[in-house]
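The chain contents come next:
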Amino acid sequence: MKFIRIFTNARAIVAMSSLLVTSQASATTAPNTPIRPATALSARAVSRPLAQPVDSSCRDSFADEFAGTTAHPNWQWIDPDDDAAYSLSDRPGYLRISAPNNDNRLDYERANAPRMMRTVSSMSMTLQTTVESTPTVDYGGAGLLLYQDRSNFIRLEHGSGQSGPSVNLARFINDEWSLEVAVSSSQTVELKLERHNQVISAFWRDSNAPWQLIGTSSVTWTSTISAGLGLNSAHDSTGHSADFASFGYCDSSVPPASVTYLPMIRRKGDLLIRGQ
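Residues numbered from 1 in each chain as written. Predicted model: local features only at pLDDT ≥ 70, side-chain atom pairs only at ≥ 80, totals over all residues. Heavy atoms only, no water.

**Q** What is the right way to look at the confidence of the model for the protein chain in this model?
**A** The predicted structure's coordinates, where accompanied by low pLDDT, should not be read in detail. On average, the protein chain scores 76 in pLDDT, and the residues at 70 or more come to 67%. Confidence drops under a pLDDT of 50 for residues 39–54, and excluding neighbours within four residues, the segment shows 63 contacts in the predicted structure. (pLDDT = per-residue confidence, 0-100. Contact = heavy atoms within 4.5 Å.)

In structure tokens:
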């Protein structure tokens, strides 16, 4: 497996680019960005195995296999240019996200990539998805997205770049852009992001293969951020679509310890002692 690491000073690029989207005030999206409740998503389980991190250790969890037509109320469809689409009828049992051209992207210049997002709040969490696509040009990609604000987000995607089919970890942290690439010719891959306090680790694998670490990121993010599924289409791409088989979320943070106080008993002389 070959890894390629590219680092770019995005501050200089941002200063020169007239295409930069103004920083957002919240972890969901900027003002005036179209946000619509998802209308064709379901959290109802089907027989197809779910690529999920959900187990008994989760304080909170969410799993969606996109099996029906009833929206889960926590999903939000974000399409800033109002030109992309999502569908569950094109391929029943899958969420398909499509972008029409080569300028739907979330990077250091633009923030108009279509995405399906929900709010999560945890310093210890796992996100997982299975995505299927056949990108052939530089660049088309789709996968997991963690989004703090316009200057801080992480994309873990199955895509196609200058090295051909690949898994890509794209990071924009405090306005600094970096990219790590693992070459993979698989049409279907599983992706996983794990957050432990201020460290986020990214993993990928072919179906039922061992997990492979592609990279880690140090952040200074709040506990409440946006998480979900996104698609990017840029450069030489003439449009791109991808099918998501599932999405799983697990909050594995340890709950605060509960404290039980013994009753206070008043005795002669106003001396307070603990009850036995």
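**Q** Even after reading the chapter, I still don't get the state of the cysteines, so can you show me in this structure?
**A** Any covalent bond linking the sulfur atoms of two cysteines counts as a disulfide. For the structure on display, the rule yields 1 disulfide. Across the disulfide, Cys58 is cross-linked to Cys250 (sulfur-sulfur distance 2.1 Å). Here the S-S torsion is close to -115°, and the disulfide linking Cys58 with Cys250 is therefore left-handed. Residue Cys58 is located in the loop between strand 2 (35–37) and strand 3 (60–64), and its partner Cys250 is located in strand 18 (residues 240–251); the two are separated by 192 residues in the primary sequence. (Disulfide = S-S within 2.5 Å. Helix = DSSP H or I, 4+ residues; strand = E, 2+ residues; numbered from the N terminus.)

**Q** Sorry, what's going on with the nonpolar core here?
**A** With 41 residues, the main nonpolar core has Leu95 and Phe247 as its most contacted residues. Formed by 13 residues, the second largest nonpolar core is a distinct cluster that contains Tyr147, Phe153, Trp177 and Val181. (Core = buried A, V, L, I, M, F, W, Y, C linked by side-chain atoms within 4.5 Å. Buried < 20%, exposed > 50% of the residue type's maximum accessible area, 1.4 Å probe, protein only.)

**Q** Explain the packing of aromatic side chains to me, please; I cannot follow it from the model alone.
**A** Two numbers describe a pair of aromatic rings. These are the distance of the centres and the angle of the planes. The tally for this structure, following the rule as stated, stands at 8 aromatic pairs. Ring geometry for Tyr108 and Trp177: centres 5.2 Å apart, planes at 75°, overall edge-to-face. Placement of Tyr108 in the loop between strand 7 (103–104) and strand 8 (115–121) and of Trp177 in strand 13 (residues 176–183) is noted, with a sequence separation of 69 residues between them. For Trp177, a relative accessible area of 12% translates into the label buried. Measuring from centroid to centroid gives 6.0 Å for Tyr147 and Phe153, while their planes differ by 5°, and the two rings are stacked. Ring-pair connections join several aromatic residues into one group, and the members of that group are Tyr108, Tyr147, Phe153, Phe172 and Trp177. Directly above the ring of Tyr94 sits Arg91, whose terminal nitrogen or CZ lies 3.8 Å from the centroid. Across from the ring centre of Tyr147, 5.8 Å away, lies the NZ or CZ of Arg115, which sits over that ring. (Phe/Tyr/Trp six-rings, centres within 6.5 Å; stacked < 30°, edge-to-face > 60°. Lys NZ or Arg CZ within 6 Å of the ring centre and 35° of its normal.)

**Q** I would appreciate a short explanation of the pairing of strand 14 (residues 188–196) in the present structure.
**A** Consecutive residues of a regular strand have side chains that alternate between opposite faces of the sheet. For strand 14, a buried count of 7 out of 9 residues is recorded, marking the element as mostly surrounded by other parts of the structure. In the sheet, strand 9 (residues 124–132) pairs with strand 14 via 9 bridges, with the strands oriented antiparallel. By the bridge assignment, Glu132 is partnered in strand 14 with Thr188. Note that strand 14 and strand 15 (residues 199–206) share 8 bridges and pair antiparallel. Paired with Leu193 across the two strands is Ala202, which belongs to strand 15. Turn length for the strand 14-strand 15 hairpin, with the two strands adjacent in sequence and antiparallel, is 2 residues, and the turn residue Asn197 shows positive phi of about 60°. (Pairing = 2+ DSSP bridges.)

**Q** Mind showing me how you'd approach the pattern of salt bridges here?
**A** Working definition: two side chains of opposite charge can pair if their charged atoms are close together. Considering all chains together, one arrives at 12 salt bridges under this definition. Among the salt bridges present, the one from Asp103 reaches Arg105, with a minimum N-O distance of 3.2 Å. A salt bridge links Glu180 to Arg171; the nearest nitrogen and oxygen atoms lie 2.7 Å apart. Its relative accessible area of 6% is what places Arg171 among the buried residues. Through salt bridges with shared partners, a single network forms among Asp81, Asp103, Arg105, Asp107, Glu109 and Arg110. (Salt bridge = Lys/Arg side-chain N within 4 Å of Asp/Glu carboxyl O.)

**Q** Where do I start with the environment of Gly159 in this structure?
**A** Relative to the elements of secondary structure, Gly159 occurs in strand 11 (residues 152–161). It is 7.7 Å that separates the C-alpha atoms of Gly159 and Ser133, two residues lying 26 residues apart in sequence. Setting aside anything within four residues of it in sequence, one finds Gly159 in contact with Pro135, Tyr139, Gly140, Gly141, Gly164, Pro165, Ser166 and Asn168.

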